[in-house]
Amino acid sequence: MPDRFKASRSSESSFDPLSVGLQPPPNETEEEKEVRLAAAREAVRVSRTIDVGLVESKKAMERKKRAVKILLLGQSESGKSSVLRNFRLAFTPKYFESERLLWKTVIQLNLISSLKKILAVLQEEWDETESAGTKSATLLTSEHRRLALSLSPLLAFETGISNMLSSDSPSGGYTVTVRPGGGWKDKLASFGRAPSSDDPPSPTGAPGSDPSQVTQVLAACKDEIISLWGDTVVRSVLESRDVHLKEAPGFFLDDTERIAALDYVPSDRDIMRARIRTLGVEEHRFVTESGFRAGTEFFITDVCGSSNQRSTWIPYFDDVQAILFLAPLAFWQSLDEDAKVNRVQDSLEIWREIVGNPLLAKTAFILLFNKKDILQAHIAAGVLVKKFVPSFGDRPNDVASVTKYFRDKFSAYHRKFSPEPRPFIFYETEAIDTKSTAIILGEVQEQIIRNHMKGLDVM
Ligand SMILES: Nc1nc2c(ncn2[C@@H]2O[C@H](COP(=O)(O)OP(=O)(O)OP(=O)(O)O)[C@@H](O)[C@H]2O)c(=O)[nH]1
Ligand SMILES: [Mg+2]
């Protein structure tokens, strides 16, 4: 065989299609060469970026595996988001501080929502008495009309800001509602500060679309708000129409003097008392800044508790170490979304379903009988449990007996429906009391981290 054939066979044995593909084509011009080399450099850059991305996402997955994942569950208004805020205050105080002024606008909106409710009730009273031709039947006077009229600019602000926060689905009601996710905080952040000449003009120019003016308008209306809320006739009209604002979440009318001041800065307690309904599911990731386990990474998922939103919880059951289940003992109340359903009964039903869920067999459950202060106030006011829960029977109508009665029910379901035995962990909480809640959350955090570390075999 001629040598040239041998040579060509040996080069065939080390044939590399990739290097052939990268070899310059015959007769390549300088320009074509430049383009080819640039494309090769770009391919290397993209490949490196992908490698770095893969390493990063592997690291993130590893971190997420080691992080503590907590899911907050419970019916609407049970206090899930308030507990999350307490978590933030206790373990990421710097972050909490950075958000303080955002809450100012939420609290101002809560205050205006209560006013909106009063004005709607007064209007109802005027409409009814006028249509019945019995003007004298109402004790409301022309002074009340003047007060109501002077407060109407505030309502425009409330509508403007609420619509902005809830973007495509204006709430229209008396509860501050935001779109799912944390985007509303960015919007609030942008108008929590004073307007600057660099700011773009308000997109709509409509009243209330510049929320940084709320503080000024509230301060200007402060005396009228105090007069209206302090008026005995107004209170009796509200009473006669079964409107009990003091019991509603996000009630701040008793604090108008402070909140409507130009230099108002919300206290920790104000922030815990603020009401903003969660829509959809919010995932919060944070690393604890202080405390015994500083540096621990948490993923806390906060959900919307309304009945029609509960199916959205299920995708978040996977790989969660602990569920904090909020169940206020509001035995005298029914659900907002269904007046036939007693709130405690509803909590028990959700509890039964989730403790029995096989996806959550390994998850720790921590039951929080939240709103202890409200239970105490109702019992002290003589509200009888057996009137709402006949099976309570003739047990003593005191806080200890009521708590024990319901705790036994939750504990029995927990024992009966858990796929595997697990400890029943239970606390009575008052999420608006930051000190007592911090102590409980410290204990809860410690228990969860210990269990988690055991699971990862690092203890
Ligand atoms: N008095 C009192 N109010 C509380 C307590 N815990 C929460 N609240 C208030 O109850 C209201 C509802 O609390 P949220 O934390 O918004 O309830 P949620 O469970 O997140 O409700 P959704 O987002 O609708 O599912 C807020 O105005 C809180 O300030 C408590 O222990 N005592
Ligand atoms: Mg919430």
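Predicted model, so just to flag it, every value in this text is computed and none were measured.

Rules of the game
- Residues numbered from 1 in each chain as written.
- Chains lettered and ligands numbered in written order.
- Predicted model: local features only at pLDDT ≥ 70, side-chain atom pairs only at ≥ 80, totals over all residues.
- Near = placed C-beta within 6 Å.
- Helix = DSSP H or I, 4+ residues; strand = E, 2+ residues; numbered from the N terminus.
- Nonpolar A, V, L, I, M, F, W, Y, C, P; charged D, E, K, R; others polar.
- UniProt positions renumbered as here; feature names shortened; annotations may be inferred.
- Buried ≥ 20, exposed ≤ 12 C-beta atoms within 10 Å, placed from the backbone.

(A) Structural view of the site of ligand 1. Of all residues adjacent to ligand 1, which total 25 residues, the nearest are G79, P249, R275, T278 and G305. Mapped onto the shell around ligand 1, the elements with two or more residues apiece are α4 (80-91), α12 (268-273) and α14 (372-380). With three residues, α4 is the single largest residue contributor to the shell around ligand 1. Broken down by class, the residue content of the shell around ligand 1 amounts to seven nonpolar, ten polar and eight charged.

(B) Molecular detail of unusual backbone geometry. Non-glycine residue E77 carries a positive phi angle of around 70 degrees. The residue E77 is located in the loop between β1 (68-73) and α4 in this model. Non-glycine residue K371 carries a positive phi angle of around 65 degrees. Structurally, K371 is set in the loop between β5 (364-369) and α14.

(C) Geometry of the UniProt feature "binding site: GTP" (unreviewed entry) in the chain. Sequence positions flagged by UniProt for "binding site: GTP" (unreviewed entry) are, in local numbering, N370, K371, K372, D373 and A431. In sequence the annotated residues extend across 62 residues, while in space they remain close, none of their C-alpha pairs exceeding 9.4 Å. The residue D373 is located in helix α14 in this model. Along the chain, A431 turns up in the loop between β6 (425-428) and α17 (434-456). Classification of A431 as buried rests on a count of 27 C-beta atoms within 10 Å.

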